[in-house]
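What follows is each chain in one-letter form.
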Amino acid sequence: MSLEVISETACFGGRQIVAKHPSNACGCEMTFAVYLPPQAENGPVPVLWYLSGLTCTHENAMTKGGFQEHAAEHGIAVIFPDTSPRGDDVADDEAYDLGQGAGFYVNATREPWSPHFRMYDYITGELRGLVMEHFPLEDRHGITGHSMGGHGALTIAMRNAEMFESLSAFAPIANPTSSDWGRKQLSAYLGDDESSWADHDASILLEEKGWKGEILVDQGASDQFLDLLRPEALAQAMVKRRQPGAIRMQPGYDHSYFFVTTFARDHVAWHAERLLRLRAAPLRERDKT
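Chains are numbered independently. Their residues run from 1 in the order of the written sequence. Given that the model is predicted, a residue must reach a pLDDT of at least 70 before its local features are reported, and side-chain atom pairs must reach 80 or more before they are shown or counted; all residues, however, enter totals for whole chains, interfaces and linings. To obtain the side-chain values, all non-hydrogen atoms of the structure were used and water was disregarded.

### What about the overall build of the protein?
Helix numbering and strand numbering both begin at the N terminus, where a helix is a DSSP run of H or I of at least 4 residues and a strand a DSSP run of E of at least 2. On a plain count of helices and strands, the protein comes out with ten helices and nine strands. Relative to its length of 289 residues, the protein is compact, with a C-alpha radius of gyration of 18 Å against a globular reference of 19 Å. For each residue, the accessible area found with a 1.4 Å probe, counting protein chains only, is set against the maximum for its type, and the residue is called buried under 20%, exposed over 50%, and partly exposed in between. Taking all 289 residues of the protein together, 57% fall into the buried category. For this analysis, residues touch if any pair of their heavy atoms sits within 4.5 Å. Summarising the internal contacts of the protein: among those between residues at least 6 apart in sequence, 72% fall at separations of at least 24. Each accessible area is a Shrake-Rupley result for a 1.4 Å probe, and residues are judged covered by the shown protein chains and nothing else. Of the roughly 11,800 Å² of accessible surface on the protein, a fraction of 47% belongs to carbon and sulfur atoms. As used throughout, the charge tally considers Lys and Arg to be positive and Asp and Glu to be negative, leaving His and the chain termini uncounted. Taken as the charge location is NZ of Lys, CZ of Arg, CG of Asp or CD of Glu. The positive charge centre, built from 25 side chains, and the negative charge centre, built from 40, are 8 Å apart in the protein. Each radius of gyration is computed over the set of C-alpha atoms, and the globule rule expresses the reference value as 2.2 Å times the number of residues to the power 0.38.

Shown next, in the form of structure tokens:
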């Protein structure tokens, strides 16, 4: 698969790279960023995927999230995909929460979205293959994200447990089938049959499937979008499933990147502990995970 590097910048001893490529999944050119820690100069490193929220591109978390310093400390790479297909030929909407910038990490089945809005396939298949081919990465992956991206991280990981070893989220849209941040988008992209929405609802998936390890979720207690995010539904699902993990309500924090940046260190360390532990484990023990 072809890839064009747009920029490469030194950062905490490693390299912050932005690249673009023609996407078969999305039918347009896609841009993403990858941070390679200094340890990547000596060989492949584990990978943390960061999925961004509504209105964001690859650039927002890359420049505002503060992940590079912590990734360099632990020796893991970070991938920052875009949140949707883009371009003059790609369908869009006047509202900020639908269309370009609001892909919701699903494969759309309805017009006019279905030709391009296939972010689920893009993240789990095409982009994963592309970065593994072009960068010094080990096939050990964690995934996290913020808001719409937290929804994407949770649902993608629970539906593809074999692809990820660690999972966390920042203020995820936790129960989109029961929220205006979800019902609008899922009906637009997938149609009015609500039975098809369940695969994209973290609270439903957690209760039904669970997750093979622990889950870390941080949520600002002063988040202005709490009613739309519905963290209580995810907490209830964790209790019903007896799912190991923690949902931490952080006093005083809102939905902004100031919140994400504050707890980025914790999340990178969370993933690094699990990804690096897997590297050190004997093969026989890995096979049991």
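The rest of the description comes next.
### Here's the deal with the packing of aromatic side chains
Aromatic contacts are taken between Phe, Tyr and Trp rings whose centres are within 6.5 Å, Trp giving its six-membered ring; a plane angle under 30 degrees counts as stacked, one over 60 as edge-to-face, and the others as tilted. For the structure on display, the rule yields 14 aromatic pairs. Seen in terms of ring centroids, Phe 67 and Phe 170 are 6.1 Å apart; in terms of plane orientation they differ by 90 degrees. Their pairing is edge-to-face. Taken together, the residues Phe 67 in helix α2 (residues 67–74) and Phe 170 in strand β7 (residues 166–170) connect sequence positions 103 residues apart. What makes Phe 67 buried here is its relative accessible area of 0%. Residue classification places Phe 170 among the buried residues on the basis of a relative accessible area of 0%. With 5.6 Å between their ring centres and 20 degrees between their planes, Phe 117 and Tyr 189 make a pair best called stacked. Within this pair, whereas Phe 117 is found in the loop between β5 (77–80) and α3 (119–134), its partner Tyr 189 is found in helix α5 (residues 180–190), the two being separated by 72 residues in sequence. One exposure class covers both Phe 117 and Tyr 189, and it is buried. Every member of this aromatic cluster is reached through a ring pair, and the members are Tyr 50, Phe 67, Phe 80, Phe 170, Tyr 253, Phe 259 and Phe 263. Its end group placed over the ring of Phe 164, Arg 128 keeps NZ or CZ at 5.4 Å from the ring centre. Two conditions define a charge sitting above a ring: the NZ of Lys or the CZ of Arg must be within 6 Å of the ring centre, and it must be within 35 degrees of the ring normal.

### Some points on the confidence of the model for the protein
Each residue gets a pLDDT score, which is the predictor's confidence in that residue and runs from 0 to 100. Scored by pLDDT, the protein comes out at a mean of 95, with 96% of its residues at no less than 70. Note that pLDDT drops below 50 for residues 282–289; the model gives that stretch five contacts with residues more than four away or on any other chain.

### Looking at the layout of surface pockets
Rolled over the atoms, a probe with the dimensions of a water molecule shows which regions are left empty. Lining residues are defined by having an atom within 4 Å of a point belonging to a cavity or pocket. Those points lie on a 1 Å grid over the protein atoms alone, cavities being sets where a 1.4 Å probe fits but cannot get out and pockets being open sets with protein on both sides within 12 Å along at least five of seven lines. Grid points are joined across faces, edges and corners, and a volume is the space filled by probe spheres set on the points. The computed volume of the second largest pocket comes to approximately 240 Å³. In this structure, the second largest pocket is lined by 14 residues; those nearest its centre are Leu 54, Thr 55, Cys 56, His 146 and His 255. Taken together, the residues of the lining of the second largest pocket break down into six nonpolar, eight polar and no charged. Note that Gly is not counted as nonpolar here; it falls among the polar residues with everything else outside the nonpolar set of Ala, Val, Leu, Ile, Met, Phe, Trp, Tyr, Cys and Pro and the charged set of Asp, Glu, Lys and Arg.

### Digging into the state of the cysteines
Put simply, a disulfide is two cysteine sulfurs that come within 2.5 Å. Per the stated rule, a full pass over the model turns up zero disulfides. Here Cys 26 is not cross-linked by a disulfide; its sulfur's nearest cysteine counterpart is in Cys 28, at 5.4 Å. Here Cys 56 is not disulfide-linked; the sulfur of Cys 26 is the nearest cysteine sulfur, at 17 Å. Judged by relative accessible area, Cys 56 falls into the buried class, the value being 6%.

### Structural notes on the sheet that holds strand β9 (residues 245–250)
Pairing within the open sheet is mixed, and its nine strands lie in the order β1-β2-β3-β5-β4-β6-β7-β8-β9. A strand with exactly one partner marks an edge of an open sheet, and here the two such strands are β1 (4–11) and β9. Within this sheet the neighbouring strands show an average axis-to-axis angle of 20 degrees, counted without direction. When DSSP locates at least two bridges between a pair of strands, those strands are taken to pair. With six bridges joining them, strand β8 (residues 215–220) and β9 adopt parallel strand pairing. Across the sheet, Gln 219 pairs through a bridge with Met 249, a residue of β9. Lines fitted to C-alpha atoms define the axes, with helix axes restricted to the stretch in contact, and inter-axis angles between N-to-C directions lie between 0 and 180 degrees.

### Focus: the environment of Tyr 35
By the element assignment, Tyr 35 lies in strand β3 (residues 28–36). Overall, the relative accessible area of 0% leaves Tyr 35 in the buried class. As for Tyr 35 and Val 47, which are separated by twelve residues in sequence, their C-alpha atoms are 9.6 Å apart. Ignoring anything within four residues of it in the chain, the contact list for Tyr 35 reads Cys 11, Phe 12, Gly 14, Arg 15, Gln 16, Gln 68, Ala 71, Ala 72, Ile 76, Ala 77, Val 78 and Phe 80. One polar contact links the side chain of Tyr 35 to the main-chain carbonyl oxygen of Cys 11, over a distance of 2.7 Å. The term polar contact refers here to a pair of N or O atoms within 3.5 Å; inside protein, the definition further demands a hydrogen-donor-capable atom paired with an acceptor-capable atom, and it admits residues adjacent in sequence only when both atoms are side-chain atoms. Within the structure, Tyr 35 has its side chain in polar contact with the backbone oxygen of Phe 12 (distance 3.5 Å).

### What to know about the pattern of salt bridges
A carboxyl oxygen of Asp or Glu within 4 Å of a side-chain nitrogen of Lys or Arg is what we treat as a salt bridge. Going through the model one piece at a time under the given rule, you end up with 17 salt bridges. In this structure, the salt-bridge partner of Glu 41 is Arg 15, at a minimum N-O distance of 3.6 Å. Of this pair, Glu 41 sits in the loop between β3 and β4 (45–51) while Arg 15 sits in strand β2 (residues 14–23), placing them 26 residues apart in sequence. For Glu 41, a relative accessible area of 56% translates into the label exposed. Classification of Arg 15 by relative accessible area gives partly exposed; the value is 28%. Across the pair Arg 183 and Glu 194 runs a salt bridge, and its minimum N-O distance is 2.6 Å. Of this pair, Arg 183 sits in helix α5 while Glu 194 sits in the loop between α5 and α6 (202–208), and the two are eleven residues apart along the sequence. Since its relative accessible area comes to 31%, Arg 183 is described here as partly exposed. Overall, Glu 194 belongs to the partly exposed group, its relative accessible area being 41%.

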